[in-house]
Amino acid sequence: MLGDIYDIVSNPQVLFATFSAIAVFATILTASTMLFQRDRLASRIKTVALEREKIRARERAKLVDHQKRASLRNEAKPFMRQVVESFNLRKALADEKTVNKLRMAGYRGQAPLVIFLFARLVLPLIFFVVAMFYLFAVLKLQYPAITKILIAVVVAYIGFYAPNLYVSNVVTKRQTSVRRAWPDALDLLLICVEAGMSAEAAFRRVSEEIGSQSVALAEELTLTTAELSYLQERRQAYENLGTRTGLEGVKSVMTSLIQAERYGTPLGQSLRVLAQENRDQRMNNAEKKAAALPPKLTVPMILFFLPVLFGVIIGPAAIQVNHAMHRN
């Protein structure tokens, strides 16, 4: 019995027929599965579209929430306004450059200017009082009183320029965010313009799409869209955008838009060239930062890596020398 089973199993013809039947059955099963399988491409495209709309709605909600918080943060108190008007700080401490710098930082209107001037008046006094208390009551240094007062005056001087430093820091961060997202915004603007959209519709569409990358740029484009709608001269709206950002790349694009408005020149080719230039500029900035890393890493390597390296290399030799000296 076992011998017959062994002869059947070891017979090449039987094995060939068995494997052929299995292969034919697998082929038929695979073909039938492909024929009866439903096309899920439409449902997948619909799912992707719904997910994209959810992402857009979430980013728009973030942008609206950021604008609301910024508007609430920029509310000036009545006593601040009264102090600024009493000391006539607008003429003493504010000029056109100060207002433009606040706009570049994203602080628009009269309320941020009032808060800025109030801070420049109050912070030196606060810094001076805190420094005097710390020098005379806490530290109790063995210095003459006039020296401590001079130190407090220096601290008050720092407090006087602290608001300027804060605004400059905000401007730098805002310009960095706008500079990184500007080439992508130009690509979107180029697509909208070549699709036949007007300038207002193109700016509105780009402001909705670019909010996920740069909230600052989305705010500026939204404001430009509003200015294009109500200003008498569209040129002024473009110039305002370049002034608020303070970036040469944005100003060059605005100049092209002004020329296109004035002379009727084609805008698509100019935007394509400017988008490529801004993209190359962004890559050059990244390469500059990468090239600046070796000099910046030199001092940390000398301070932290070399002592450890010397300890690892010289440590075993010092231990062996110590053991040899004890043996002798």
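Keep in mind that what you see is a predicted model, and the values were worked out from it rather than measured.

As for the overall build of the protein
Here's step 1: Secondary structure assignment for the protein yields 14 helices and zero strands.
Here's step 2: Sequence-ordered secondary structure for the protein, helices as α and strands as β, is α-α-α-α-α-α-α-α-α-α-α-α-α-α.
Here's step 3: Across the 328 residues in the protein, those meeting the buried criterion constitute 26%.
Here's step 4: A fraction of 65% describes how many contacts in the protein between residues 6 or more apart in sequence connect residues 24 or more apart.
Here's step 5: Here the protein has roughly 22,700 Å² of accessible surface; of this, 65% comes from carbon and sulfur atoms.

With respect to unusual backbone geometry
Here's step 1: Look at N88: it is not a glycine, yet its phi comes out positive at around 55°.
Here's step 2: Taking the relative accessible area as the measure of exposure, N88 reaches 41% and is therefore partly exposed.

Brief notes about the side chain of T98
Here's step 1: For T98, the position within the fold is in helix α6 (residues 96-104).
Here's step 2: Not counting residues up to four positions away in its chain, the partners in contact with T98 are L93, L113 and F116.

A look at the environment of R120
Here's step 1: With respect to the element layout, R120 can be found in helix α7 (residues 110-139).
Here's step 2: For the pair formed by R120 and F160, sequence separation is 40 residues and the distance between their alpha carbons is 5.2 Å.
Here's step 3: A distance of 3.3 Å separates the side chain of R120 from the backbone oxygen of F160, its partner in a polar contact.

Thoughts on the packing of aromatic side chains
Here's step 1: Within this structure, the stated rule accounts for four aromatic pairs.
Here's step 2: Judged by centre distance (5.7 Å) and plane angle (80°), the rings of F79 and F118 are edge-to-face. Of this pair, F79 sits in helix α4 (residues 78-87) while F118 is found in helix α7, placing the two residues 39 residues apart along the sequence.
Here's step 3: What makes F79 partly exposed here is its relative accessible area of 45%.

Thoughts on helix α11 (residues 234-245)
Here's step 1: In a regular helix each residue adds 1.5 Å, so twelve residues correspond to 16 Å; α11 covers 17 Å between its end C-alpha atoms and thus fits that length.
Here's step 2: Those residues of α11 not exposed but buried are A237, Y238, N240, L241, G242, R244 and T245.
Here's step 3: Positive backbone phi, at 70°, marks G246, one or two positions downstream of α11.

About the cut-offs
- Residues numbered from 1 in each chain as written.
- Predicted model: local features only at pLDDT ≥ 70, side-chain atom pairs only at ≥ 80, totals over all residues.
- Heavy atoms only, no water.
- Helix = DSSP H or I, 4+ residues; strand = E, 2+ residues; numbered from the N terminus.
- Buried < 20%, exposed > 50% of the residue type's maximum accessible area, 1.4 Å probe, protein only.
- Contact = heavy atoms within 4.5 Å.
- Areas by Shrake-Rupley, 256 points an atom, 1.4 Å probe, with all protein chains shown as cover.
- Polar contact = N/O pair within 3.5 Å; in protein donor to acceptor, adjacent residues only side chain to side chain.
- Phe/Tyr/Trp six-rings, centres within 6.5 Å; stacked < 30°, edge-to-face > 60°.
- Expected span 1.5 Å × (residues − 1).

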